[in-house]
Amino acid sequence: MQEYWKYKRGSEWRKWDLHIHSDASDGKMTCEQIINKAIENKIDVIALTDHHTFKNIDNIKSLTKDKDISVISGIEFRTEYGKKSVHILALFPDEINGIILNTKNLTDLILSPLGLAEINIITKGKEKSVEEGKNDISDNEAFKKGMFLVQVDFKKAANLVHKYGGLIIPHAGQKENGIDKEMRHVGKTDTTLYNSLGTVKEELFKENYIDICEISKENDNEQFYLDKFNKPSIISSDAHELNEVGSKYTWIKSDPTFEGLQQIVYEPKGRAKIQLIKPEQKNDRHIISEIQFRSSDNLFGNQKILLNENLNAIIGGKSSGKSLLLHSIADSIDPEQVKRINKRLDFEGYSFDNEAYDFEVTWKNSEKDILSDNNPDNKTRKITYIPQLYINYLAEKNDSSKKYYWNYS
């Protein structure tokens, strides 16, 4: 089960690289090397997507328990479509209906029904090796040869993946082994009708066999998939070498979990961005990182409340302290503004014994505004403060023919 309590700030923009190969298939990196390189490149979420095997899933997840990075279970399939085969990624939740989707269970539930038992792939590899005049290759070598000799039925694989809560992500756009390159209309040149859709390809989109598209770079048909089929697009490193891990990534605004990834399927226009820099960048001096009531009598529990750098909503019943909390934030940052508003409303404000009670606002650049700090030289930020009382004040005016404006400067 995902530890949702870990992500107390809510949805944030994070870097995701959802296509990486380990030494279980044709990658040249161990799981430990992948994790360390991803952390070095400040990647928050990765997916391990080896060809036709889940062998390293348990291993790589075990390495992240005490690290600030998440791993999504995945695999890459070769399908029957196209001359060179359309490749698809399948990504999975950690569990479904009480079934833990670990290496063994994913192998039994996904690979076996698709005819991709390890022995079948090894057999294919050894048969091919014999054809090439080599009779003594190991099972491991045979598997790595055979994994490119087997295919799955696209629709059957997609249905099975969806049955166990997974997502299907085909190569698309200009990416090799993609649905555009492998399933384009017949024409006089290789570039004929790049955006044209055959009936099968259109069916795959419209019947929701496809959830997300993996493209090669920014502006590689992502607007087309979004406008025509409401499908989001991502880019990933498709790393096989260590230096490739995290070299391409997608910014996704959600919790760093499989369930967070699902959000871009439901909200494809606002939660995934293909660009180098973080979306919605703001000055750290203008972002409140956390707030804290502090009281010697433990009246407010002294707990820290972490805030999102975008929209925050405070939810609670009547008289649960929402107005007090908002007032305390404003009074800590810009007390002169609060005094002006209170005077307008004929409101004396909230009164506390300052020795027993205090409030602290911490900004993302680590600066602090403290309620008990009465030095005006330390109160340099100016805010707009609109308390509920002011909304009531406007609503309750007797003369409805007049409009009331308030100057916050």
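Just above sits the structure.
For clarity, every value in this text was computed on a predicted model and none was experimentally measured.

Colleague: Tell me about the sheet that holds strand E11 (residues 272-273), and name the residues and values.
Modeller: Spatially, seven strands are ordered E7-E4-E3-E2-E1-E10-E11 in an open sheet, and the strand pairing comes out mixed. Two strands in the sheet have a free side with no partner beyond their single neighbour: strand E7 (167-170) and E11. Where strand E1 (residues 12-20) lies against strand E2 (residues 45-48), three bridges are found, and the strand directions are parallel. Its bridge partner being in E2, Trp16 is matched across the sheet by Val45.

Colleague: Kindly report on the nonpolar core, identifying the contributing residues and their values.
Modeller: Counting residues in each nonpolar core, the largest one holds 61 residues, and the members touching the most others are Ile46, Phe77, Phe92, Ile110 and Phe154. In this structure, Ile46 is in contact with Asp17, Leu18, Ile20, Ile34, Ile35, Ala38, Ile60, Ile69, Ser70, Val71 and Ile72, ignoring residues within four places of it in sequence. Counting residues in hydrophobic clusters, the runner-up holds 16 residues, among them Ala47, Leu89, Leu167 and Ala272.

Colleague: So, the packing of aromatic side chains: which residues are in play, and what are the values?
Modeller: Enumeration according to the criterion identifies nine aromatic pairs in this entry. On the numbers, 4.4 Å between centres and 10° between planes, the contact of Phe205 with Phe229 is stacked. In this pair, Phe205 sits in helix H8 (residues 199-206) while Phe229 sits in helix H9 (residues 222-229), placing the two residues 24 residues apart along the sequence. Ring geometry for Phe293 against Tyr357: centres 6.0 Å apart, planes inclined by 40°, an arrangement best described as tilted. You can see Phe293 sitting in strand E12 (residues 288-295) and its partner Tyr357 sitting in strand E14 (residues 357-363), a full 64 residues away along the chain. Take Phe293 and Tyr357: they sit in the same class, and that class is buried. Lying over the aromatic face of Phe143, Lys55 brings its terminal NZ or CZ to 5.5 Å of the ring centre. Here the guanidinium or amino end of Arg381 rests over the ring plane of Trp363, the centre of that ring lying 4.1 Å away.

Colleague: Let's hear about H9: which residues, and what values?
Modeller: Where H9 is concerned, the buried positions are Glu222, Tyr225, Leu226 and Phe229. Seen end-on, H9 carries its buried residues on one side only, within an arc spanning 110°. Each element contacted by the buried residues of H9 is listed here: helix H7 (179-182), H8, strand E8 (213-214) and strand E9 (233-234). Asn230 lies just past H9 and shows a positive phi near 60°.

Colleague: Give me the packing of H8 against H9: which residues, what numbers.
Modeller: Remark: H8 packs on H9, axes separated minimally by 11 Å, with the N-to-C direction vectors making an angle of 70°. Comparing the axis directions of H8 and H9 gives the class roughly perpendicular. Judged by the sense of rotation from one axis to the other, the crossing of H8 with H9 is right-handed. Of the residues in H9, those touching H8 at Glu202, Phe205 and Lys206 are Tyr225, Lys228 and Phe229. Here the contact of H8 with H9 is composed, by residue class, of three nonpolar, no polar and three charged.

How each quantity is defined
- Residues numbered from 1 in each chain as written.
- Predicted model: local features only at pLDDT ≥ 70, side-chain atom pairs only at ≥ 80, totals over all residues.
- Heavy atoms only, no water.
- Pairing = 2+ DSSP bridges.
- Helix = DSSP H or I, 4+ residues; strand = E, 2+ residues; numbered from the N terminus.
- Core = buried A, V, L, I, M, F, W, Y, C linked by side-chain atoms within 4.5 Å.
- Buried < 20%, exposed > 50% of the residue type's maximum accessible area, 1.4 Å probe, protein only.
- Contact = heavy atoms within 4.5 Å.
- Phe/Tyr/Trp six-rings, centres within 6.5 Å; stacked < 30°, edge-to-face > 60°.
- Lys NZ or Arg CZ within 6 Å of the ring centre and 35° of its normal.
- Arc of directions from axis to C-beta.
- Axes fitted to C-alpha atoms, helices over the stretch in contact; angles between N-to-C directions.
- Parallel < 35°, antiparallel > 145°, perpendicular 65-115°, else oblique.
- Left-handed = near helix turned anticlockwise from the far one by under 90°.
- Nonpolar A, V, L, I, M, F, W, Y, C, P; charged D, E, K, R; others polar.

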